[in-house]
Amino acid sequence: MRYRKLGKTGMEASIIGLGAEHLDGKDYDIVKETIDAAMEHGINMMDVFMPGSDIRQKIGRAIKGNRDKFIIQGHIGSTDINMQYDISRDLKVTKKYFESLLADLGTDYIDFGMLFFIDSEKDFDAVFNSDIIAYAKDLKKKGVIRAIGASSHNPVMAKKIVETGVIELLMFSINPAFDMIPAEVDALGSLAEGFDKNQMLNIDPKRQELYRTCDQLDIPITVMKPLGGGKLISKDHTPFPKPLTVGQCVHYALTRPSVASVLVGCQSRKHIEEAVSYLTAAPDDLDYTEAIRSMNESFKGSCLYCNHCLPCPAGIDIAAVTKYLDIVEKDNNAITRGAGLHYRELSAYGSDCIQCGDCERRCPFSVLIMKNMQRASELFGI
C-alpha cells in the first residue's frame, strides 16, 4: 500500500480507502470479511456516514482490537428517519447520532468529524452560522475528534467551506464524468437520472479551482463516488464510448490535485482485492485518457496530470510541476506558500528540462510541456 499525508493533521492515509456504504444491510460475516481484507492490504482510511446502529455495530465488532489501524471519517449531521438516510442541523438530534456512532463503534474518538452534506448556501449557513460548528470545535478541543472535515458534492460550496479555514479535510465526489459536468448542474442528480453526454463538455473550471484551492491551503481530499455509483464501469450506463475500469477511475481521482485517498465502495474480499490491484497494474491498464479525449477534442492543450508523458530522462515529475504552475498562474501569491513550497520539495524542477521533446510526443492532449517547464523555472526561480 502507498500512503499520502493528510494535510497538517499528522495523519497519513492509504491511497485506496474503504467506503463502507455498501456494507449497510449485509450480514456480519460479510462486513468482517471485507474489513479484514482491507486491513490485510494496508487500507487504513474508512468512511462511515451511515446513521443506522446495525451497520455501525457490525463495523465496531469487526474492528474490535484493531481500532488504531483505521482512520475513520464519522459524520456530524447524518441521521435516519424511519430507517431512511436523512440530514439534521438540529443540535440535539446531531449530538444523539454522533454520540451513538462512538458507542456503536466501541471507540472513544473519531479521527475526522465530518460536517455532513453541505451542498447549498442553506446547508452552509445551517452549519457554519449555527451551534453545529461550535459543537464540532468543542469535540476537537476535548479530543473526541482529532480533526474537523466536511463533505460536499458541489464544487462552489466545497471551495467556500475550505476557505473558512475551519476544516482540515474535504470529502468530495470526483470521477471523470462528474468533472465534466458544469458546477451549476446537480452531479448527483445526473448520476441518478443517467449522465447527459451533452452536458459533458470539458473539465469544469470551478472543479479545477476547488482542487487548486485545496492544494494551496494544504487541505487533503478523500474521494467519494469514484466509480459514479458503478455506472462508469458498466457497459450499459457509462457515458464514455466504453466502460472504464476500477483502476482507471481510481487513477483519475488520484491524479487530481490534493487528493489523498480514494474511497472505493466494497462489500467483499473480492472487491477489496480488485481495488488494491491498482497498486500493481501496468501503466497502460490505468490510462483513462483515450476515453476522455474521445468525448471532446476541446481537451487539446489541457494537462490532466495523467503522467502519460513520463518517463522524463531528467527525472522531472511533469504532472506535479504543471499542477503547481497552474495554481500559481491563477494566484501569484501561491509562489510563497502552498504550491511554491510543494514545488521546492520536488527532486527535479522545470529548470532541469533538457528540451528533448519526448514528453510532448507521448502526451495525448498536445500539451506544450517544454514551454510549461520553462515557465515554471521562470516563476519559481529554479
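Above this text sits the structure in question.
Summary of the structure given here. Keep in mind that this is a model prediction, so the values were computed, not measured. (Residues numbered from 1 in each chain as written. Predicted model: local features only at pLDDT ≥ 70, side-chain atom pairs only at ≥ 80, totals over all residues. Heavy atoms only, no water.)

Details of the pairing of strand β11 (residues 221–224)
Counted only if it meets this: For every residue, the accessible area (1.4 Å probe, protein chains only) is compared with the maximum for its type, and the residue is labelled buried under 20%, exposed over 50%, or partly exposed between those bounds. Strands here are runs of E lasting at least two residues and helices are runs of H or I lasting at least four, both read from the DSSP assignment and numbered beginning at the N terminus. Paired strands, in this sense, are two strands between which DSSP finds at least two bridges. Handedness of a crossover: with both strands directed away from the viewer, a clockwise path from the first strand across the helix to the second marks it as right-handed.
Burial along β11 is two-sided: the residues I221 and V223 and T222 and M224 are all buried. Judged from the 4 bridges that link them, strand β10 (residues 169–173) and β11 form a sheet pairing that is parallel. Bridge pairing links L170 to I221 in β11. Taken together, the 3 bridges between β11 and strand β12 (residues 259–265) define a ladder with parallel strand orientation. If you follow I221 over to β12, its bridge partner there is V259. After leaving β11, the chain enters helix α10 (residues 246–254) and then returns to the sheet as β12, a path that is right-handed.

Let's talk about the packing of aromatic side chains
The following threshold applies: Only the six-membered ring of Trp is used, alongside the rings of Phe and Tyr, when aromatic pairs are assigned; centres must lie within 6.5 Å, and planes under 30 degrees apart are stacked while those over 60 apart are edge-to-face, with the rest tilted. Ring-over charges, as used throughout, are those where CZ of Arg or NZ of Lys falls within 6 Å of the ring centre and within 35 degrees of the ring normal.
Taken as a whole and assessed by the stated rule, the structure comprises 8 aromatic pairs. Measuring from ring centre to ring centre gives 5.1 Å for Y252 and Y288, while their planes differ by 80°; the resulting arrangement is edge-to-face. Of this pair, Y252 sits in helix α10 while Y288 is found in the loop between α12 (283–286) and α13 (289–295), placing the two residues 36 residues apart along the sequence. As far as the burial class goes, Y252 and Y288 line up, both buried. Plain terms: the ring middles of Y343 and F380 are 4.0 Å apart, the flat faces sit at 10° to each other, and that makes the pair stacked. Here the residue Y343 occupies a position in helix α15 (residues 339–344), and F380 occupies one in helix α17 (residues 369–380), the gap between them amounting to 37 residues. What links up through ring pairs into an aromatic cluster is the set F49, F116 and F117. Its guanidinium or amino end placed over the ring of Y109, R67 lies 4.0 Å from that ring's centre, counting from NZ or CZ. When the ring centre of Y252 is taken as reference, the NZ or CZ atom of R256 above it lies at 4.2 Å.

Some remarks on the sheet that holds strand β3 (residues 16–19)
Note the following rule: Lines fitted to the C-alpha atoms define the axes, with helices restricted to the stretch that makes contact. Angles between their N-to-C directions range from 0 to 180 degrees. Throughout, a residue-residue contact means that at least one pair of heavy atoms, one from each residue, lies within 4.5 Å.
Ordered by their spatial adjacency, 8 strands build a closed barrel running β3-β4-β5-β8-β9-β10-β11-β12, and the pairing between neighbours is parallel. Within the sheet, the average angular offset between the axes of one strand and its neighbour, ignoring direction, is 30°. One ladder, built from 5 bridges, connects strand β8 (residues 110–115) with strand β9 (residues 145–152); its direction is parallel. What sits directly across from G113, in β9, is I148. Along the sheet, helix α3 (residues 91–105) makes contact with β4 (45–48), β5 (71–76), β8 and β9, crossing β5 at roughly 155°.

Here we look at the pattern of salt bridges
Rules: When a carboxyl oxygen of Asp or Glu is within 4 Å of a side-chain nitrogen of Lys or Arg, the pair counts as a salt bridge.
Per the counting criterion, the structure on display carries 15 salt bridges. In this structure, the salt-bridge partner of R146 is D111, at a minimum N-O distance of 2.8 Å. Here D111 lies in strand β8 and R146 lies in strand β9, a separation of 35 residues in the sequence. Among the residues examined, R146 registers a relative accessible area of 42% and is labelled partly exposed. The salt bridge partner of D358 is R361, with a shortest N-O separation of 2.5 Å. Of the two residues, D358 and R361 both sit in helix α16 (residues 358–362), 3 residues apart, roughly one turn of that helix. Of the residues examined, D358 reaches a relative accessible area of 29% and is grouped as partly exposed. According to the relative accessible area criterion, R361 is exposed, its value standing at 62%. Connected through salt bridges with shared partners, the residues R67, D111 and R146 form a single ionic network.

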